Amino acid sequence: MAAPLLSAALCGVRGGRAFGTAAALCKRAAPLGPMPNEDIDVSNLETLEKYRSFTRYFKLAEKESRKPRWWKTYRQHTSPQPEPKTDISLPRDKLLQAKEIKERKKILRANRHNAEMERAARLRTVLIPLDEVRAEWEKTSGPFHKQRVAEHCGIFRDLFKGATFTPWVTLRVEYSQEDEHLVPVYYGNMVTPSESSSPPAVSYEADKGSLWTLLLTNPDGHLRETDSEYLHWLVTNIPGNDIKSGKEICHYLPPFPAMGTGYHRFIFLLFKQDCPIDFSEDVRPMPCHSLKMRTFSTFDFYRKHEDAMTPAGLAFFQCQWDSSVTWVFHQLLNMREPVFEFVRPPVYHPPQLKFPRHQPLRYLDRYRDTKEPTYGIY
């Protein structure tokens, strides 16, 4: 390594130009403040305070780590904290933490005194009631998990322009098949267009006398406008959880993700109404097989009726093209099926060199006319 540096230095001197490395040219800037452990005399370590125990050292180290330091402010400038988002979810009474802890301790105490459960756990034959676990999850941490999944998938960003809500009401959606098999809709699972060709069975817990609105939209499938959606289903003024008794503003349209457009998100939204709402401006004709009339905006729809309804439930699935989409375009929408393909750009080659050095043997083939024969050489 010394020989190249020496030759480079000699060349620099002969050319009349001073040679210097980057380390020699650059100047070290002064620190913005005191460096860590700057006040410690390294030459006399015996005079330092002895902690005598790891617990005392750990407490002091934790206390020092919480103090604001100038070298910890870098991330505040490079990645500032995001602005707080508007919460439009239903108000919910917070369960007292002391009461919740008391109930959990009571359950743990009962489990410890249960000899049969202890024996089954020791023999690994205990059966966990998954239905009860899921019901408990739906009441406690489930809504927050669903909110984080929806945030990750961009649901709130694309539908509510950044506003968020916690789905306190559990929305159960199931598509029935011909063989009596049910295809559930969770929070981002895959459902094919053929499986979702008919209206699903929707259920949720609702108080008697309450009114609800159910919405199904696709924010990824609009063929002309990027920020618009296609409305697939809209039922309003639903008494309780009886979907059939509600007013169907827009009838159900099967999913039709175009070929080559990847996975589309189909989102079920459940709104709780404070009173009966007049949706006469949002009514679509029956049947409605016009994509122009199906163009929709969830944000505008909510802003129009935000004083009388609040989002409460959420479920969505992902869907991509299959053979049933062709039938929807041809028979229902009465139009040619659009097909999207990726057109690859031609391979880029830098300008040809007259005297190529250190190039492979077939270097000239990059610039050969594709119609020019090679006479079997390669």
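Here the residue index of a chain counts from 1 through its sequence in written order. Restriction of local features to residues with pLDDT of at least 70 applies here, the model being predicted, together with a cutoff of 80 or more for giving and counting side-chain atom pairs; totals for whole chains, interfaces and linings are based on all residues. Each side-chain value is derived from all of the structure's non-hydrogen atoms; neither hydrogens nor water enter the calculation.

Asks: Can you explain the pattern of salt bridges? Please cite residues and give values.
Replies: Here, a salt bridge means any side-chain nitrogen of Lys or Arg that lies within 4 Å of a carboxyl oxygen of Asp or Glu. Inspection of the entire model under this criterion finds 17 salt bridges. Note that E64 and K67 form a salt bridge whose closest N and O atoms lie 3.1 Å from each other. The class of E64 is partly exposed, set by a relative accessible area of 37%. Burial classification: accessible surface area is computed with a 1.4 Å probe over protein chains only, and a residue below 20% of its type maximum counts as buried, one above 50% as exposed, and the rest as partly exposed. Here K67 falls in the partly exposed class, since its relative accessible area comes to 35%. A salt bridge links D365 to R368; its shortest N-O distance comes to 2.9 Å.

Asks: Got a sec to walk through the side chain of E229? Specific residues and values, please.
Replies: Put simply, DSSP marks the helices as runs of H or I at least four residues long and the strands as runs of E at least two long, and each gets a number from the N terminus on. Within the element layout of this structure, E229 appears in strand 6 (residues 229-239). Within the buried core, E229 has no salt-bridge partner, and the shortest N-O distance to an opposite charge, that of K161, equals 7.8 Å. Of the polar contacts made by the side chain of E229, one reaches the side chain of T217; its length is 2.6 Å. Leaving out residues up to four positions away in the same chain, E229 has contacts with D158, L159, T217, N218, P219, H222, R294, T295, F296, S297 and T298. Only four residue types enter the tally: Lys and Arg on the positive side, Asp and Glu on the negative side, with His and both chain ends excluded. We define a polar contact as two N or O atoms separated by no more than 3.5 Å, with the added condition that, inside protein, one atom must be a possible hydrogen donor and the other a possible acceptor, whereas residues neighbouring each other in sequence contribute only through side-chain atom pairs. Contacts are assigned to residue pairs that have any heavy atoms within 4.5 Å of one another.

Asks: Any details on the pairing of strand 6? Residues and values, ideally.
Replies: Looking along a regular strand, one sees the side chains alternate between the two faces of the sheet. Most of strand 6 is tucked away: nine of the eleven residues are buried. In terms of strand pairing, strand 5 (residues 211-218) meets strand 6 through seven bridges, oriented antiparallel. What sits directly across from T217, in strand 6, is L231. Across two bridges, the pairing between strand 6 and strand 9 (residues 295-296) is antiparallel. What sits directly across from E229, in strand 9, is F296. We treat two strands as partners when DSSP finds at least two bridges between them. Sheet topology places strand 6 next to strand 7 (residues 247-250); three bridges connect them, and they run antiparallel.

Asks: Account for the sheet that holds strand 1 (residues 172-176), with residues named and values stated.
Replies: Strand order in the open sheet formed by three strands is 2-1-4, with antiparallel pairing between adjacent strands. The strands lining the two open edges of the sheet, one partner per strand, are strand 2 (182-185) and strand 4 (201-203). If you compare each strand with its neighbour and ignore which way they point, the axes differ by 25 degrees on average. Pairing geometry for strand 1 and strand 2, over four bridges, is antiparallel. Helix axes use the C-alpha atoms of the stretch in contact, all axes being lines fitted to C-alpha atoms, and the angles between their N-to-C directions lie in the range 0 to 180 degrees.

Asks: Requested: an account of the confidence of the model for the protein, with residues and values cited.
Replies: This prediction gives the protein a mean pLDDT of 86; 89% of its residues lie at or above 70. Per-residue confidence from the predictor is given as pLDDT, running between 0 and 100. Confidence drops under pLDDT 50 across residues 1-26; counting only partners more than four residues distant or on other chains, this segment forms four contacts.

Asks: So what's going on with the layout of surface pockets? Which residues, and what values?
Replies: Points on a 1 Å grid over protein atoms alone make up a cavity when a 1.4 Å probe fits among them but cannot get out, and a pocket when they form an open set with protein on both sides within 12 Å along at least five of seven lines; lining residues each have an atom within 4 Å of a point. Grid points are joined across faces, edges and corners, and a volume is the space filled by probe spheres set on the points. By volume, the largest pocket is sized at about 950 Å³. Along the wall of the largest pocket there are 23 residues; nearest its centre are E100, R104, E136, K139 and T140. Residue assignment for the lining of the largest pocket shows that the elements contributing at least two residues are helix 5 (97-112) and helix 7 (130-139). Per-element tally for the lining of the largest pocket: the top contributor is helix 5, with seven residues. Ten residues, namely Ala, Val, Leu, Ile, Met, Phe, Trp, Tyr, Cys and Pro, are considered nonpolar, four, namely Asp, Glu, Lys and Arg, are considered charged, and the remaining ones, Gly among them, are considered polar. Broken down by class, the residue content of the lining of the largest pocket amounts to ten nonpolar, four polar and nine charged. Size it by volume and the second largest pocket reaches roughly 810 Å³. Forming the boundary of the second largest pocket are 25 residues, of which W168, V169, T170, R172 and E205 lie nearest the centre. Listed by contribution, the elements that provide at least two residues to the lining of the second largest pocket are helix 7, strand 1 and strand 2.

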